Amino acid sequence: MSFVKKNIIKSSLLCLVFWGVNAQQYLSPEYIKVTNERASKIVAKLALPKPEKEQKVTLIIAQQFRNLTKIQDERDAEIEKIKNSGVSKEQQTTQLNQIKEKADQAINELHTNYVKQLTTELDENKIIEVKDGMTYGVVPITYAGYQDMLPNLTEDQKKYIYTNLVEAREHAMDGGTSKEKHAWFGKYKGRINNYLSSQGYDLNKESTDWHKRIEDRQKSKVEK
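Residues numbered from 1 in each chain as written. Predicted model: local features only at pLDDT ≥ 70, side-chain atom pairs only at ≥ 80, totals over all residues. Heavy atoms only, no water.

Draft legend 1. Structural detail: the pattern of salt bridges. Tallied over the full model, the rule gives ten salt bridges. One salt bridge connects Arg 169 with Asp 132, and the closest N-O pair in it is separated by 2.8 Å. Taken together, the residues Arg 169 in helix α7 (residues 155-172) and Asp 132 in helix α5 (residues 124-134) connect sequence positions 37 residues apart. The buried category is assigned to Arg 169, whose relative accessible area is 3%. (Salt bridge = Lys/Arg side-chain N within 4 Å of Asp/Glu carboxyl O. Helix = DSSP H or I, 4+ residues; strand = E, 2+ residues; numbered from the N terminus. Buried < 20%, exposed > 50% of the residue type's maximum accessible area, 1.4 Å probe, protein only.)

As structure tokens, then:
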């Protein structure tokens, strides 16, 4: 086989490999539309002064949704392949852990770069609004709920609760589904509840009393 022919074949194979990798990166127009709409809803609540800035921030957020999906879909496909590969349980566990660690590292890097991009367009308060928008507003809602349920919280206790909810939000932002996002908050709420129990709170009783107070408030509004 001539040198030229070998190079032509080699180049063709490289093109096929390159096309195969990049073809996976192009998501469907329908999904792109969905991510744009999700990002637009978040940005609309920011009340930014200029349409140009709205557009820039919308594109940053929408692209983050797509980048996350790409990493998570490729991770899940690799996991499914390993599970059906017929290798031993021990080998499977090792390979699955490697796949998950690799995906987690990629997501962490993506998270850092994403926040850096947001800082070029938004101040800290607006970035927090974006993070809350990506996580259904769980942090402010839950933090307000704890304070309403436990009106005698000390400043240190409030700080502990808020710090943990914020940490949970950083992880939840990268969740691929609503279930995964809420799971992160569930994990950190468990940590918060254990802490409050160690501080002497009977959370079962406090929760029962709180819901009773909420019912009384609603009845009072109806009567008015």
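Draft legend 2. A look at the layout of surface pockets. Its boundaries defined by the atoms lining it, the largest pocket holds a volume of some 300 Å³. In terms of lining residues, the largest pocket is bounded by Arg 38, Lys 41, Ile 42, Lys 45, Leu 46, Phe 65, Glu 129, Asp 132, Gly 133, Met 134, Tyr 136 and Lys 181. Mapped by element, the contributors of at least two residues to the lining of the largest pocket are α2 (29-44) and α5. Among the elements that make up the lining of the largest pocket, the one with the highest residue count is α5 (four residues). (1 Å grid on protein atoms, 1.4 Å probe; cavity = no way out; pocket = protein on both sides within 12 Å on 5 of 7 lines; lining within 4 Å. Points joined across faces, edges and corners; volume = space filled by probe spheres on them.)

Draft legend 3. Up close: the nonpolar core. Among the nonpolar cores identified, the biggest contains 19 residues, and Leu 150, Ile 161 and Leu 196 are the most heavily contacted of them. Those elements giving two or more residues to this core turn out to be α6 (138-149), α7, α8 (178-198) and α9 (203-223). In this structure Leu 150 touches Leu 196, Tyr 201, Leu 203 and Glu 206, once residues within four positions along its chain are discounted. Val 43, Ile 61, Tyr 114 and Leu 122 belong to the second largest nonpolar core, which has 17 residues in total. (Core = buried A, V, L, I, M, F, W, Y, C linked by side-chain atoms within 4.5 Å. Contact = heavy atoms within 4.5 Å.)

Draft legend 4. Quick peek at the environment of Lys 81. Looking at the element boundaries, Lys 81 is found in helix α3 (residues 51-83). Owing to a relative accessible area of 65%, Lys 81 belongs among the exposed residues under this scheme.

Draft legend 5. Here's a closer look at the packing of α6 against α9. α9 packs onto α6 with a crossing angle of 95° between their chain directions and a minimal axis gap of 9 Å. When the interaxial angle is binned, α6 and α9 end up roughly perpendicular. Contacts from Gly 145, Asp 148 and Met 149 of α6 reach α9 at Leu 203, Glu 206, Ser 207, Trp 210, Arg 213 and Arg 217. Here the contact of α6 with α9 is built from residues that sort into three nonpolar, two polar and four charged. (Axes fitted to C-alpha atoms, helices over the stretch in contact; angles between N-to-C directions. Parallel < 35°, antiparallel > 145°, perpendicular 65-115°, else oblique. Nonpolar A, V, L, I, M, F, W, Y, C, P; charged D, E, K, R; others polar.)

Draft legend 6. Quick look at unusual backbone geometry. Its identity is not glycine, yet Ala 47 carries a phi of approximately 50°, on the positive side. Tracing the sequence through the fold places Ala 47 in the loop between α2 and α3. Take Ala 47: its relative accessible area is 61%, and that puts it in the exposed class. At Tyr 136, a position not held by glycine, the phi torsion is positive, near 60°. Of note, Tyr 136 is situated in the loop between α5 and α6. Residue Tyr 136 is classed as partly exposed on the basis of its relative accessible area of 43%.

Draft legend 7. A look at the packing of aromatic side chains. Going through the model one piece at a time under the given rule, you end up with two aromatic pairs. Relative to Tyr 195, the ring of Tyr 160 has its centre 3.8 Å away and its plane inclined at 20°; by these criteria the two rings are stacked. Here Tyr 160 is found in helix α7, whereas its partner Tyr 195 is found in helix α8, with 35 residues between them in sequence. For Tyr 195, a relative accessible area of 17% gives the class buried. Against the face of Phe 65 rests Arg 38, its NZ or CZ located 3.9 Å from the ring centre. (Phe/Tyr/Trp six-rings, centres within 6.5 Å; stacked < 30°, edge-to-face > 60°. Lys NZ or Arg CZ within 6 Å of the ring centre and 35° of its normal.)

Draft legend 8. Quick peek at the side chain of His 111. Position of His 111 relative to the elements: it lies in helix α4 (residues 89-119). For His 111, the residues in contact, after removing those within four places along its chain, are Gln 64, Glu 170, Met 173 and Asp 174.

Draft legend 9. Spatial organisation of the confidence of the model for the protein. In this model, the protein carries an average pLDDT of 88, and 88% of its residues clear a pLDDT of 70 or more. Across residues 1-26 the pLDDT falls below 50, and counting only partners more than four positions away or on other chains, this stretch makes four contacts in the model. (pLDDT = per-residue confidence, 0-100.)

Draft legend 10. Up close: the side chain of Glu 121. Its location among the elements puts Glu 121 in the loop between α4 and α5. Once you skip the residues sitting within four places of it in the chain, Glu 121 turns out to touch Lys 53, Lys 56, Val 57 and Ile 60.

Draft legend 11. Structural view of the packing of α6 against α8. One can describe the packing of α6 onto α8 by two numbers: an axis separation of 12 Å at closest approach and a directional angle of 25°. One finds that α6 runs roughly parallel with respect to α8. Where α6 crosses over α8, the handedness of that crossing is right-handed. Every residue of α8 that contacts α6 at Val 138, Val 139, Thr 142 and Tyr 146 is listed here: His 182, Phe 185, Lys 189, Ile 192, Asn 193 and Leu 196. Looking at side-chain class alone, the contact of α6 with α8 contains six nonpolar, three polar and one charged residues. (Left-handed = near helix turned anticlockwise from the far one by under 90°.)

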